[in-house]
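# Descriptive structure summary
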Amino acid sequence: MTHMHVAGAIHADVSSPGPQWLERPADVNALDASLWSDTTFRGSDGALVTGGMPVTTALAETGSPVYLLDEADFRRRARDFRTAFAGWDVYYAGKAFLTRTIARWVAEEELFLDVCSGGELRTALLAGFPAERIGMHGNNKSSDELAAGLQAGVGRIIVDSLDEIGRIERLCELHGWHARVMVRVTPGVEAHTHEYIATAHEDQKFGFSITNGQAMVAMVRCHYSPQITLIGVHSHIGSQIFDTGGFEVAARRTMKLMAQFRDATGELLPDLDLGGGFGIAYTSDDSPSTPDELSSNLREIVALEARAHSMPVPRMSIEPGRAIVGPSTMAVYTVGTVKPVDLESGAQRVYVSVDGGMSDNIRPALYAAEYSAALANRASHASPVLCRVVGKHCEGGDILVHDVFLPSDIRPGDLVAVPASGAYSRAMASNYNHTPRPPVVAVREGSLTTLLRRETLDDLLALDVGE
Ligand SMILES: Cc1ncc(COP(=O)(O)O)c(C=O)c1O
Ligand SMILES: N[C@@H](CCCC[NH3+])C(=O)O
């Protein structure tokens, strides 16, 4: 069955039912609280409110598109991890999103910080983040990056190759520095997540394999190095993981390795880090665990394994990134065009093009990540229609939200907000099609603080030093 269209008209009554997991909402204006930050709700005039401010007011100030970060929500999630994991060290994973202000909040909330590049390290140090509370990651840290970390006195470097261990030794010897090191191991876990973000199976770039003996080789090498103090073992199984089974296997294998190391060398390593990767809700179909649930699961597993190997429970740490910053932030875009298309089934889908896209959120294109969205500047009495929110880039896969029901009267000039956009969106943004990257603005109690300003075309053109 095909339909005749008046330009732009939407046949709401024949909209596709959407994918199975996506229910046609009874009320298209309702927000699923599990997807939005703590302070977000639909105000009495129909516009979304976040951090005590209508998004329409925020956008009048910031321009579009923008990432609005709910500061109270970010701090609350950081605190929830710290409280639930009391006695463990919680490292905020800066790769998810890091600015100087964020580093300051992380310090104020008494978390530690995981950085994975010289740029993240510099950002943290510029913010005055205490170096001894920083852990430094990376599978190919340059000598310059290692030197910056060693000179600053970072609390630990998580080593990922024998080449890196050699590099650290040479730097320490040359400058009289000393390194506190953890060995990143690959426990051979198949984490249930997208293959690009699973990091504990054998055939990938991170870590030393426990199975083939490389992990023990690296540990022994560090143990006997005069420039290095080996403090423990690190495992990170992947990201956006819901099932604690993977952590259980990782804890079992890493603690067995620590026991074998003790038996071989007589030294009991004090530290074990189980990494980050705790999943969040991007759509109503996702049901993540709370920090309390994660904590009691992990504590139980670790206590069990410690007993099994007659060792004390190590000094434990974790590295959540997404679970702290992801839900705190919504991306807000302005609708530019609305175009209904007919599907083979005879149903219809509406393509809603916005003023951002894969340059500010690559995750749907890269990992087939699902998101949700809502009309943000007003409420609507129109019936829900199946939409696809797409960007403005010259790429068919430039999709922000594959499937979402929005009101059928959605039109150019409307604002669309995408929740759970705080992690790995702006942090992974590019300038594809010479697109300046959007700002990130914190909202709290009705006032705005810019964390990252909007990039301008002049910023981009300044890089182009040709004639
Ligand atoms: C070593 C390490 N720690 C922590 C994280 C943070 O992961 P997430 O943001 O999923 O918690 C990552 C990213 O996957 C990582 O590679
Ligand atoms: N960037 C990934 C997560 C992996 C990042 C850290 N190892 C994502 O957006 O889901």
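Residues numbered from 1 in each chain as written. Chains lettered and ligands numbered in written order. Predicted model: local features only at pLDDT ≥ 70, side-chain atom pairs only at ≥ 80, totals over all residues. Heavy atoms only, no water.

The chain is annotated in an unreviewed UniProt entry as Diaminopimelate decarboxylase from Brooklawnia cerclae. Turning to the chain, the UniProt annotation filed under Pathway (unreviewed entry) states: "Amino-acid biosynthesis; L-lysine biosynthesis via DAP pathway; L-lysine from DL-2,6-diaminopimelate: step 1/1." Quoted verbatim from the Cofactor (unreviewed entry) field of UniProt, the annotation for the chain is "pyridoxal 5'-phosphate". (UniProt positions renumbered as here; feature names shortened; annotations may be inferred.)

Using the criterion set out here, one finds 26 salt bridges in the structure. It is possible to trace a salt-bridge network through shared partners that takes in Glu71, Arg75, Arg79, Arg104, Glu108, Glu109 and Arg444. (Salt bridge = Lys/Arg side-chain N within 4 Å of Asp/Glu carboxyl O.)

Moving on to the site of ligand 1. Close contacts around ligand 1 come from 15 residues, with His236, Ser239, Glu319, Arg322 and Tyr424 the closest. For ligand 1, an oxygen atom lies 2.8 Å from a polar atom in the backbone of Gly277. One of the backbone nitrogen or oxygen atoms of Arg322 is found 2.8 Å away from an oxygen atom of ligand 1. Look at ligand 1: alone it shows 400 Å² of surface, and the protein chains cover 92% of it. (Near = heavy atom within 4 Å. Polar contact = N/O pair within 3.5 Å; in protein donor to acceptor, adjacent residues only side chain to side chain. Areas by Shrake-Rupley, 256 points an atom, 1.4 Å probe, with all protein chains shown as cover.)

UniProt marks residues 330–422 with the feature "domain: Orn/DAP/Arg decarboxylase 2 C-terminal" (unreviewed entry), using the numbering shown here. Here residues 330–422 runs as 5% helix and 45% strand, with 7 Å between its end C-alpha atoms. (Helix = DSSP H or I, 4+ residues; strand = E, 2+ residues; numbered from the N terminus.)

With that settled, consider the UniProt feature "binding site: pyridoxal 5'-phosphate" (unreviewed entry) in the chain. Taking the numbering used here, the UniProt-annotated feature "binding site: pyridoxal 5'-phosphate" (unreviewed entry) corresponds to Gly277, Glu319, Pro320, Gly321, Arg322 and Tyr424. Structurally, Glu319 can be placed in the loop between strand S13 (315–318) and helix H10 (322–325). Apart from the residues within four sequence positions on either side, Glu319 is in contact with Tyr91, Ala93, Asp114, His137, Arg156, His234, Asp273, Gly275, Gly276 and Gly277. A distance of 3.0 Å separates a polar atom in the side chain of Glu319 from a polar atom in the side chain of His234. Within the secondary structure, Tyr424 sits in the loop between strand S19 (415–418) and strand S20 (440–444). (Contact = heavy atoms within 4.5 Å.)

In the contact formed by helix H6 (residues 162–175) and helix H7 (residues 214–223), the axes pass within 11 Å of each other and the chain directions differ by 10°. Classified by the angle their axes make, H6 and H7 are roughly parallel. Mapping the contact onto sequence places Leu162, Ile165, Gly166 and Glu169 in H6 and Gln214, Ala218, Arg221 and Cys222 in H7. (Axes fitted to C-alpha atoms, helices over the stretch in contact; angles between N-to-C directions. Parallel < 35°, antiparallel > 145°, perpendicular 65-115°, else oblique.)

For strand S5 (residues 89–93), the buried fraction is high: five of the five residues fall into the buried class. Neither face of S5 is open: one carries Asp89, Tyr91 and Ala93, the other Val90 and Tyr92, and all of them are buried. Strand direction decides the pairing type here: S5 and S13, joined by two bridges, are parallel. Each residue of the ladder has a partner; that of Asp89, found in S13, is Ser317. Of the pairings in the sheet, the one linking S5 to strand S6 (residues 112–115) comprises three bridges and is parallel in character. The residue of S6 that forms the bridge with Ala93 is Asp114. Running through helix H3 (residues 100–108), the crossover from S5 to the neighbouring parallel element S6 is right-handed. (Buried < 20%, exposed > 50% of the residue type's maximum accessible area, 1.4 Å probe, protein only. Pairing = 2+ DSSP bridges. Right-handed = clockwise from strand over helix to strand, strands pointing away.)

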